[in-house]
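An overview of the molecular structure
Listed below, chain by chain, are the residues.
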Amino acid sequence: MRQNKFIYLEQYFLKEKKWQASEYPRQIVECLLNDGWIAEVICGSKPYRDRKYIFQERQSYKINLLKLLFIKNNILSKLVNDFCFSVKSFFILLKRKNYNLVICQTNPPIIVLVVYLISFLKKIDYIIIAMDIYPDVFFETYKNKKLKIFKALSFFIFGKAYKKASKVISLGEKMNEKLIKKGVYKRNIKRIYNWEPFFDAKNNIYKKQTRKPDFLKSNVLITYIGNFGAAHEWRSLVKAIKKSELKPSQLKILFVSQGRELANLKRYLKQENISKFFVFKSPVSKPLLEKYLGYSDMGYIGIKESFGGLVVPSKFATYISRGIPVIYIGEDSDIKRINKCYECGFNFSTYQVLKISNFFKNIVSDKKLLTQYSENAFNFYENNMSRSIALNSYKDLANQFKIN
């Protein structure tokens with residue numbers, strides 16, 4: 001009797017101390033293992049942000065840890081390692097026998113093409129988990145007319161890979177629409193929200209501690225956590241703070257983050273002489289992050305124009321799993337739709353600087369409104385985005401591809 005075996009591809013799979021991205025694939029793999037699958041993982045040796053991985057002594061599944069290069073130039077390093085990882089993965093998949101399903105995340109982006117090719121050669125089902133949609137994100141980040149021919153070719157090839165997938169996992173309804181525009185049939189799309197990997201309760205003990213550290217003392221604390229890259233909006237937030245004429249003792253923004261856009265933000269704050277409103281921290285351990293989230297009145301998410309539906313920041317689940325309402329700035333997106341429908345937070349467009357400014361002044365003078373939104377946020381998470389709901393959805397989906 002043949003056994004049900006899947007191979008999971010994700011470049012950043014092994015556990016990192018201060019970043020939770022690797023928790024999603026590991027929890028998916030372990031969930032399917034508990035449901036009778038045999039698993040094999042292909043991942044890279046170079047962590048996403050931390051200097052090294054946290055290795056576990058025993059695994060109940062095989063891990064192919066592909067050796068990648070350490071290059072000082074970050075852009076060159078990513079390009080080289082993405083290519084190396086994808087090529088090595090192709091030959092492993094080509095050589096392996098007796099597996100009936102491939103699951104890949106869109107990291108690195110070209111791994112989608114590798115899986116598409118393997119499926120064509122070996123007639124094997126594959127599932128794409130669209131954490132981001134590529135190459136769309138790349139061309140929104142790097143808008144260069146010289147890439148016109150390359151762009152058209154990339155969209156054609158990637159479109160084929162998405163369309164031929166047995167299933168594509170979407171992170172929201174807006175992302176569904178983007179995938180359909182790429183040619184993916186609606187029946188082949190399954191929406192599964194990202195969840196909070198560690199902590200599924202709003203009762204953070206630090207919420208009860210009204211005394212904040214001196215560097216966070218303010219009437220209202222808004223927190224941003226996670227990567228801060230090209231897709232993230234910040235200018236409207238900063239302009240609104242300046243326009244409000246509030247004081248740092250009334251409003252503060254805490255960034256627990258890394259990313260290439262941080263340098264631009266810090267430069268702008270210094271130029272506008274409003275750096276005192278912002279506190280920047282590098283990613284911290286989970287216990288300390290829980291403290292910061294416990295002190296927070298709101299979480300912040302901003303998505304730049306044209307990125308809506310291409311990315312769905314997982315920090316949204318982190319905020320609302322703790323009952324922290326979300327202030328969202330940007331165009332139509334899955335987060336904006338959830339906020340509007342379920343009153344989990346507050347939506348603003350990038351041009352509504354005055355409206356955002358007035359909102360800050362109102363919240364600083366009276367935070368009662370946040371109480372109801374806190375309840376709404378947590379209830380939506382519990383009923384739609386919790387870890388058990390998400391992982392059961394992955395289990396049910398994978399069961400469609402079992403051979404016995």
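Before any of the text, the structure's been laid out above.
Notes on the structure follow. The shown structure was predicted, so the numbers you read here are calculated from the model rather than taken from an experiment.

This part takes up the pairing of strand S13 (residues 345–348). Here four bridges tie strand S12 (residues 326–330) to S13, and the two strands are oriented parallel to one another. By the bridge assignment for S13, Tyr328 is matched with Asn347. This β-α-β element, S12 to helix H11 (residues 334–342) to S13, shows right-handed connectivity.

Counting across every chain of the model gives 25 aromatic pairs. Arranged with centres 6.3 Å apart and planes meeting at 85°, the rings of Phe13 and Tyr61 form a pair that is edge-to-face. Of this pair, Phe13 sits in the loop between strand S1 (5–9) and helix H1 (23–33) while Tyr61 is found in the loop between strand S2 (38–44) and strand S3 (62–66), placing the two residues 48 residues apart along the sequence. Note on accessibility: Phe13 and Tyr61 belong to one class, buried. Ring geometry for Phe346 and Phe359: centres 4.8 Å apart, planes at 45°, overall tilted.

So, on to the sheet that holds strand S10 (residues 278–281). The sheet built from six strands is open, its strands ordered S10-S9-S8-S11-S12-S13 with parallel pairing. The two strands at the open ends of the sheet, each matched to only one other strand, are S10 and S13. Each strand of the sheet is rotated relative to its neighbour by a mean of 25°, with strand direction disregarded. Across four bridges, strand S9 (residues 251–258) lies against S10 in parallel orientation. Looking across to S10, one finds that Leu254 is bridged to Val279. In the packing of helix H9 (residues 286–295) onto the sheet, the strands contacted are strand S8 (220–227), S9 and S10, and the crossing angle to S8 comes to about 140°.

The strands that make up a sheet pair up through hydrogen bonds in the backbone, lying either parallel or antiparallel. The seven strands are arranged S3-S2-S1-S4-S5-S6-S7 in an open sheet whose pairing can be described as parallel. Every interior strand has two partners, whereas the edge strands, S3 and strand S7 (189–191), have only one. Direction aside, neighbouring strands of the sheet carry axes that sit 20° apart on average. Bridge analysis of strand S4 (residues 101–105) against strand S5 (residues 125–129) gives five bridges, and the strand direction is parallel. Paired with Cys104 across the bridge in S5 is Ile128. On top of the sheet, H1 reaches S1, S2, S4 and S5; it is set at about 175° to S1, its chief contact.

Its 18 residues give helix H13 (residues 368–385) an end-to-end C-alpha distance of 26 Å, which sits within 8% of 26 Å, the value for a rise of 1.5 Å per residue. Among the residues of H13, those classed as buried are Leu370, Tyr373, Ser374, Asn376, Ala377, Phe378, Phe380, Tyr381 and Met385. Tucked into the core, H13 has its buried residues touching strand S11 (298–303), helix H10 (315–320), H11, S13, helix H12 (353–365) and helix H14 (387–399).

The next point concerns the pattern of salt bridges. Summed over all chains, the structure comprises 16 salt bridges. Residue Lys174 is joined to Asp332 by a salt bridge in which the shortest nitrogen-to-oxygen separation is 3.4 Å. Placement of the pair is Lys174 in helix H6 (residues 173–181) and Asp332 in the loop between S12 and H11, with a sequence separation of 158 residues. For Lys174, a relative accessible area of 14% puts it in the buried group. As a salt-bridge pair, Arg322 and Glu196 come within 3.5 Å of each other at their nearest N and O atoms.

Cut-off values and rules
- Residues numbered from 1 in each chain as written.
- Predicted model: local features only at pLDDT ≥ 70, side-chain atom pairs only at ≥ 80, totals over all residues.
- Heavy atoms only, no water.
- Pairing = 2+ DSSP bridges.
- Helix = DSSP H or I, 4+ residues; strand = E, 2+ residues; numbered from the N terminus.
- Right-handed = clockwise from strand over helix to strand, strands pointing away.
- Phe/Tyr/Trp six-rings, centres within 6.5 Å; stacked < 30°, edge-to-face > 60°.
- Buried < 20%, exposed > 50% of the residue type's maximum accessible area, 1.4 Å probe, protein only.
- Axes fitted to C-alpha atoms, helices over the stretch in contact; angles between N-to-C directions.
- Contact = heavy atoms within 4.5 Å.
- Expected span 1.5 Å × (residues − 1).
- Salt bridge = Lys/Arg side-chain N within 4 Å of Asp/Glu carboxyl O.

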